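Survey of secondary and tertiary structure
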Amino acid sequence: MLALLVLTLVQVTAGKAQAASQYNYDCSFCHTMPPMDSATSKKDPNTGAVPGNHAGHATSAVNSCVTCHGTQVSTYPMAHRNKTIELSDAIGYSRKIAAGFVNQTSVPPTPMGSCSTVACHSNGKGTLRATPAWGSAALTVPGGCSACHDVAPSTGNHPTAGSKHANYYGTGVGSCVKCHTDHSVQAKPFSHATSAGHRSIEVKFATGGSFASNQCSNVYCHSNGRGTYTPPTWGGSLTCAGCHGDATSNTLSGNHAKHVNNAAFLGTNYGCVECHSSTVSNDSTISNFTNHVNTTKDVAGSKVGTPVSGTCATSYCHSDGKGTMKSVTWTGSTALTCKSCHGADASPAFTSKAGEPNYANAGATQLRANSHLNHVASAADCVSCHADTTVDGTTIKPGTFHTNNVRDLKAGNGKGFTVVAGACSAVSCHSGNGIVANVADVKWGASLGCNGCHGNASSLVTNAHATHVSTKGYTCDTCHAATVSGNTFFVNKALHGDATVEVAGANVTTWSGTTTKTCATSCHLSATPQWNVPASGACGTCHTALSNTTGGLIGSNAHSAHFTATYGPGFNSTLTTSCSNCHTSNTAATHADGTLNLAAGSNKIGTCSTCHQQSTNWTTGRVTCESCHSTAGGALSVIGGITAPDKTSAATTGHGKAGIAQACSACHDNTAAHISGVLGDQKRLLPALVGSINQECNYCHTNAAKVSGTKLNVKAHKATGLGSLCADCHDGHGTVNTMMVNGTINGTAVSFTGNNTFANPAQTGVCQVCHTTTKYFTKAGQPAQDHVASTTDCTQCHQHNPATGLAFVPNGGCDACHGYPPAPRQTLSAVTFGVQGNWSSARFEDYSGGGGAHLVLAHIKKDAKPSEGWANCIPCHKGGDATHARALPIRTHVESVSVDIDPQYRFSDQALATYTSVTLVSGGTNKSGSCFNVSCHFRPTPKWSIER
């Protein structure tokens, strides 16, 4: 500096012109404008950023610095570098000192300081707020608003908790935008703070309107929703009537008056909630503040429906009460009557007399069931059933019954009835005030008809009616021709209601009267049954038929087999319905003509198609099993609705085929109970075949005197569940293949034509349809190349009758695939194995070089047994079972061989035991490797195999 000063003085004294400054020394030369914030508590030496919040306060203009640093900042010379940050006294900065140096850049104090008397940080109404410490995280919107403002201010009608504005807009800063400029959407949301103290509070409604003289004007929130505004005073209060008017003032819009002040016509007055339930909960309580001021007239309620363009077209109030709505315009002036809603169906079934619904009857239990036509002759008839709703059929009774969404029923006009679950009972009209007893209940919309009072073929059970009406199907005029024709038409209504039972008809030649009630007719021949003693006309009165009739059960030919034999269908010997299994029922016109009448399809010799589809002979005794269970001579029998299981294949591919030649009686007792009506519950197995699981199969297949070879001592696949029963996979009655393998196993149609088809790419092989967790040939589809070929007989390795364990389980552990251990095919000298104490379970590995040095005593002990599993393998294959690929055959998956020597066998800690110089390629040239750093050898070993 001294040198520079001397040089300057020399130049001046020499009288030479000075050169222009080399740099533009403005504020940005040192600071950048505004100064950069480091966003940490330290200075960034790479950018010059310092701790602070300049970005949120200043711009690139010098005058933006004046607020905090005073007016002199704009004229600062370079000499202002006085080691002190100059701050305006007005801001009340807490770290400001009169003299000295406050290093706020490279080593800032903590905290750096805060302001307390600056208008920028105030509530805009003169209350100043202390700022966060300089360098704190910048304020964000909306959370930072509360640093200056109360949220919300407690003055006037601001949205404080519990206030009306809070209910509508909430108490957070998000409510401010409704009446004030939304600073949160500005590029610098807090820049408005610089105007604090320089202007009044700005009121600007987001939805239009104005604020002056402490009143809101033309604001939708304070209107009747139809363009009429109420200017409220800030701090004041309004009720619902203040904007909308009320019922008594008759100032409500449209047809409100006809709904809220018209009880004389409606029966009751509606409240606001009836049509505005999405907004209010009663006449003075807002339940949804959002809907109240959303510029939409939200119309909703239990009776409103969906208004469209000022028209109530789906309103329950304006409907026939059964779902058909009448279109009514809100501003319309048409006077409505009962017929306007109830008796004005678009497609009427009849002309309404007094407003009774005249829509087409949809039938009982349906919404639009309608029996009004049969009940209403004049308006006065409405009171007979709706005494709570109407006074005289034209005037609504005061109360809430008229439009309460319920069809209120109450007897009037001296009538009586009881309604339960939509059914009318004890109806005085239907019983003739007691003349007809036990009148049935009736549902609205149903046709009562004759049956409604008298009963029908199934319910008319008094005396012998059931026999004549239900069983024989006689119509009413068979015995009451003087009164009715057929079952439904009156020929003399006077006789119908005279309280006397007239008995007369073409078949009633003699009627003894109501005392003895006997009738001698051509139907009963010479018998004289008594009407009120039904048994006097049973089948036995004419011929031997049932065990509970005169003469007892008929026993000719095969009757006994059908009624009493345990192996038969077990017809009930006391019910006449049993006879109709083979004979035309006693309702047939031919029943009493002296001829033996067989039902359609029944023949004494031939097919009785109701049960036996194959030829039978009624007179020659028992039928064979095949006559029901085989299709060789016709279709399968159907008895009691149950089709006989198809056992046709038993003779050709089942146990009846050549070489086995077992008849049905070999396993079944043909005298045992058989036909019960429940499929499969009576299998009739001989006692020796019943007992423990699979006893019926084991009876032969564990007996060397009966079977031999692979069929002897066969075992089930699993101990429990699917696969534990022989029948899970086999059907002894035969299937489409010679091994009696089921066509469907575990819900999948299997493909099996021989022992080379256990698995296939379509996953429909016998083995695949169940396996989900096995390694190969799973139901989900494991590629066949990952195991032995699918065309190989699986039972070569997975036997059906192994000496131990369950069927099909592999015949050992490691030795099942490798040999235990694998033996080399080439050696320097001959080796022997295969006996106890000399690798009893070893065998040649099936790929070149695979056996290697396994048959070295130090590798696998000579008395190793397969039951020892991985114990003898893990020193060199330490991954164990979890890493074992098991891809078969090994000769095509050589790369799956993995040598991973246990680190405990290493020679030193410098490197793990390693097996190297090996190349294993399926179908290619393989090289075996050697080990090093193995404590067994202390040096690299010879190659594993001399062959490769």
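Residues numbered from 1 in each chain as written. Predicted model: local features only at pLDDT ≥ 70, side-chain atom pairs only at ≥ 80, totals over all residues. Heavy atoms only, no water.

A few words now on the overall build of the protein. Looking only at helices and strands, the protein features 16 helices and 21 strands. Looking at the protein as a whole, 28% of its 948 residues are labelled buried. Contacts in the protein between residues at least 24 apart in sequence constitute 37% of all its contacts with a sequence separation of at least 6. By element, 57% of the accessible surface of the protein is carried by carbon and sulfur atoms, the whole surface being about 54600 Å². (Helix = DSSP H or I, 4+ residues; strand = E, 2+ residues; numbered from the N terminus. Buried < 20%, exposed > 50% of the residue type's maximum accessible area, 1.4 Å probe, protein only. Contact = heavy atoms within 4.5 Å. Areas by Shrake-Rupley, 256 points an atom, 1.4 Å probe, with all protein chains shown as cover.)

Right, let's get into the sheet that holds strand 7 (residues 442–443). Across the sheet, which stays open at both edges, the 3 strands sit in the order 5-6-7 with antiparallel pairing between neighbours. The open sheet has two free edges, formed respectively by strand 5 (418–420) and strand 7, since each of these has just one partner strand. (Pairing = 2+ DSSP bridges.)

Turning our eyes to something else, we now look at the side chain of N291. Structurally, N291 can be placed in helix 7 (residues 289–292). The exposure class of N291 is buried, given its relative accessible area of 17%. Excluding anything up to four places from it in sequence, N291 contacts S278, T279, T296 and D298.

Now for the pairing of strand 12 (residues 605–608). Two elements, strand 12 and strand 13 (residues 612–617), share 3 bridges in a ladder whose sense is antiparallel. Each residue of the ladder has a partner; that of I605, found in strand 13, is N617. Hairpin connection, strand 12 to strand 13: the antiparallel pair is bridged by 3 residues.

A cis geometry characterises the amide bond from V141 onward to P142, with omega recorded as 10°. In this fold, P142 is placed in the loop between helix 2 (66–69) and helix 3 (164–169). Of the consecutive residues Y820 and P821, the connecting peptide bond is found in the cis state with omega at 5°. By the secondary structure assignment, P821 is in the loop between strand 17 (748–749) and strand 18 (822–823). You will see that N405, though not glycine, has its phi angle at about 65°, which is positive. Looking at where N405 falls in the secondary structure, it is placed in the loop between helix 9 (382–385) and strand 5. What makes N405 partly exposed here is its relative accessible area of 32%. One non-glycine residue, F808, adopts positive backbone phi at about 75°. Assignment of secondary structure puts F808 in the loop between strand 17 and strand 18.

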